[in-house]
Amino acid sequence: PPPPPQSAAPNLSSILLPHHHHPKKKSSSGVYSRPSAAIERGSGFFVPGLEGSRVRILFGILVLILAFVNHVTAPLTELNTSGQSVSEAVAAFYGVLLLVQAFSEVGKERGF
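In this report, the structure presented in the accompanying data block is examined. (Residues numbered from 1 in each chain as written. Predicted model: local features only at pLDDT ≥ 70, side-chain atom pairs only at ≥ 80, totals over all residues. Heavy atoms only, no water.)

Here the focus is helix H4 (residues 81-110). Look at H4: 43 Å from first C-alpha to last across 30 residues, which is about the 44 Å you get at 1.5 Å a residue. All of the buried residues in H4 are Gln-84, Glu-88, Gly-95, Leu-99, Ala-102, Val-106 and Gly-107. Turning to H4, the residues buried within the fold contact helix H3 (53-73). Just beyond H4, the residue with positive phi is Gly-111, at close to 85°. (Helix = DSSP H or I, 4+ residues; strand = E, 2+ residues; numbered from the N terminus. Expected span 1.5 Å × (residues − 1). Buried < 20%, exposed > 50% of the residue type's maximum accessible area, 1.4 Å probe, protein only. Contact = heavy atoms within 4.5 Å.)

For any two helices packed against each other, the geometry is given by the interaxial angle and the distance between the axes. One can describe the packing of H3 onto H4 by two numbers: an axis separation of 8 Å at closest approach and a directional angle of 160°. Comparing their axes, H4 and H3 come out roughly antiparallel. Where H3 crosses over H4, the two elements pack in a sense that is left-handed. Counted by class, the contact of H3 with H4 contains 14 nonpolar, 7 polar and 4 charged residues. (Axes fitted to C-alpha atoms, helices over the stretch in contact; angles between N-to-C directions. Parallel < 35°, antiparallel > 145°, perpendicular 65-115°, else oblique. Left-handed = near helix turned anticlockwise from the far one by under 90°. Nonpolar A, V, L, I, M, F, W, Y, C, P; charged D, E, K, R; others polar.)

All quantities given are derived from atomic positions and should not be read as evidence of function.
Listed below in structure tokens is the structure:
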């Protein structure tokens, strides 16, 4: 079959939008590609300068301090001694684990 006849008048879209120009599609590599977008979407928190190893150091120290405060201020009775000891040990373990991860990350960043 013969090709359809082409009109002599130019197409309005071909005048306004050349063939090589296509509108860009918005691509997102993730929620955290732009921190303010993450905050707008409720996907976490962002504090400028407090990223990576610094967050782990901060929270590792905070966990250890709060576990210590909990230990000092908890009343010593026979009913809560074993449960209290287990929870304090778990908190201390994860606080130390956060610090180990942070210092490992610092070592990678600085090339050790």
